[in-house]
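# Architecture at a glance
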Amino acid sequence: NAMVSGFAQHDRFEEALRFFVDMHSEDFVLNEYSFGSALSACAGLTDLNMGIQIHALISKSRYLLDVYMGSALVDMYSKCGVVACAQRAFDGMAVRNIVSWNSLITCYEQNGPAGKALEVFVMMMDNGVEPDEITLASVVSACASWSAIREGLQIHARVVKRDKYRNDLVLGNALVDMYAKCRRVNEARLVFDRMPLRNVVSETSMVCGYARAASVKAARLMFSNMMEKNVVCWNVLIAGYTQNGENEEAVRLFLLLKRESIWPTHYTFGNLLNACANLTDLKLGRQAHTHILKHGFWFQSGEESDIFVGNSLIDMYMKCGMVEDGCLVFERMVERDVVSWNAMIVGYAQNGYGTNALEIFRKMLVSGQKPDHVTMIGVLSACSHAGLVEEGRRYFHSMRTELGLAPMKDHFTCMVDLLGRAGCLDEANDLIQTMPMQPDNVVWGSLLAACKVHGNIEL
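One structure accompanies this document, and this report is about it. By convention here, each chain's residues receive numbers from 1 onward along its written sequence. Totals for whole chains, interfaces and linings use all residues, but because this is a predicted model, local features are given only for residues with pLDDT of at least 70 and pairs of side-chain atoms are given and counted only at 80 or more. Water and hydrogen atoms were dropped before computing side-chain values, which therefore reflect all heavy atoms in the structure.

## Quick notes on the pattern of salt bridges
Rule in force here: We define a salt bridge as a side-chain nitrogen of Lys or Arg found within 4 Å of a carboxyl oxygen belonging to Asp or Glu. Counting from the N terminus, the helices are the DSSP runs of H or I reaching at least four residues and the strands are the DSSP runs of E reaching at least two. With a 1.4 Å probe rolled over the protein chains alone, any residue whose accessible area is under 20% of its type maximum counts as buried; one over 50% counts as exposed, and the rest are partly exposed.
As enumerated under the stated definition, the model contains 16 salt bridges in all. Asp193 is the partner of Arg189 in a salt bridge, and the nearest nitrogen-oxygen pair spans 2.9 Å. Remark: Asp193 and Arg189 occur in helix α12 (residues 185-194); sequence separation between them is 4 residues, near one turn of the helix. Given the relative accessible area of 29%, Arg189 is considered partly exposed. Overall, the relative accessible area of 42% leaves Asp193 in the partly exposed class. Taking the shortest distance from any N to any O, the salt bridge between Arg421 and Asp417 comes out at 2.9 Å. Pair noted here: Arg421 and Asp417 are both in helix α25 (residues 409-421), with a separation of 4 residues, about one helical turn. You can call Arg421 partly exposed: its relative accessible area is 47%. One network of salt bridges, in which partners are shared, links Arg220, Glu249 and Arg252.

So, in structure tokens, the structure goes:
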């Protein structure tokens, strides 16, 4: 037991499990300490298979309903991402304590849905269990993920009333992060300034908050004053520049990161590629692609190892007009998400390959990937550029009937453009009149340009 526990406490999880297996094979009596340490090791390794086997052994013992054992099971399933099993383990506990509740709240906060963490928190309060700083930090983090500013404000008020938690570093960081992610940067700064102790996590959250609020200068000032900079804060600032259209500065910051010998991540490269795409700088984009290969974000077989990087590569090549290169990246991706398919569809459409865009869309449907609003903008745009009026009408009407997507302003704009190019001006005008939102200058401008092309002076 001492060996299993000692290895588990020092994060040497493989050795802990080896000793546990030896104990079991030599018919030593296993107790709550050996089971608890072994489950902790499984959680550290995210070894679900071994965790399930240990759970089976516990089920045959007298420790199944033990509060310590139940909490360890909830934590193990939580770390392995199996939310339903964590909930079942919690529900099966005869007695629960603050650790049990915290484990389940943290499970939902880390694995989702974040709103469920708040529900468990309310249940905990209704059961008369007083939250501690771990509970509050987890719930605040759930509010950040869920953008639940109202609930976050209520929990912050509770923290202020419980003065003993006010100086807790983890809770303070969670509050700064919550306000930053909810775009309440002034409140985030207020909490930050009142923290007696801060660390790189607090400062990174503030950089993120300023970047999200489009205050990139303030984000850069905070970044420059940081005593310790990790790759996360570099990524946040590079993304902030890219999202605010300052792509040259994003590239300069990446070059500075390289000079500082910071090891980039896939997010670093994804944001760099976004900047290259926005600048339509193919030379720099190819250099970034070379860096990606050198840093191992591509398997030796040539298959894409990360969806985010792959999607960014497709977008960069498509925006630079290198359709074949974008298609090659897409074909080599091991996994694809809706963004991958959208990048191809929109990329083909923007480069005048309307028929190819529609073919990719059909393959997307066959693959079982559900289209979203961006997909349909690409599809309608492809129909417009290819002059496929009937197909455009069909896809537009299928949005509601088959895909369950309500057309948005951009979809109406695409349809007006499609009908206008084809000379169906009265139909385009009628469509504008039926829009559920106020038409803007882009919609009217599209119809006006079509009238000019087709010589319809009266309309």
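## Here we look at helix α7 (residues 98-111)
The condition that has to hold: The span one expects for a helix is its residue count, reduced by one, times 1.5 Å. Throughout, a residue-residue contact means that at least one pair of heavy atoms, one from each residue, lies within 4.5 Å. In protein, a polar contact requires one atom able to donate a hydrogen and another able to accept it; more generally it is a pair of N or O atoms within 3.5 Å, and residues adjacent in sequence count only if both atoms are side-chain atoms.
When the terminal C-alpha atoms of α7 are compared, their 20 Å separation across 14 residues agrees well with the 20 Å that a helix rising 1.5 Å per residue should span. Along α7, the residues that are buried comprise Ser100, Trp101, Asn102, Ser103, Leu104, Ile105, Thr106, Cys107, Tyr108 and Glu109. Considering only its buried residues, α7 is in contact with α5 (67-79), α6 (83-91), α8 (114-126) and α9 (133-146). For α7, the side-chain oxygen to backbone nitrogen distance between the N-cap and Val99 is 3.1 Å, and the N-cap itself is Asn97. Among the residues trailing α7, Gly112 stands out with phi positive, at a value near 85°.

## With respect to helix α20 (residues 323-332)
As a reminder of what qualifies: The arc under discussion is defined with respect to the helix axis, by the directions toward the C-beta atoms.
Taken together, the buried positions of α20 are occupied by Val323, Gly326, Cys327, Val329 and Phe330. One side of α20 carries all its buried residues, which in axial view fall inside an arc of 160°. With respect to the buried face of α20, the exposed residues turned more than 90 degrees away are Glu324 and Glu331. Those residues of α20 that are buried are in contact with α18 (282-294), α19 (307-319), α21 (338-350) and α22 (354-367).

## A closer look at the side chain of Thr204
In this fold, Thr204 is placed in helix α13 (residues 200-212). Residues within four places of Thr204 in sequence aside, it is in contact with Met226, Asn230, Val232 and Cys233.

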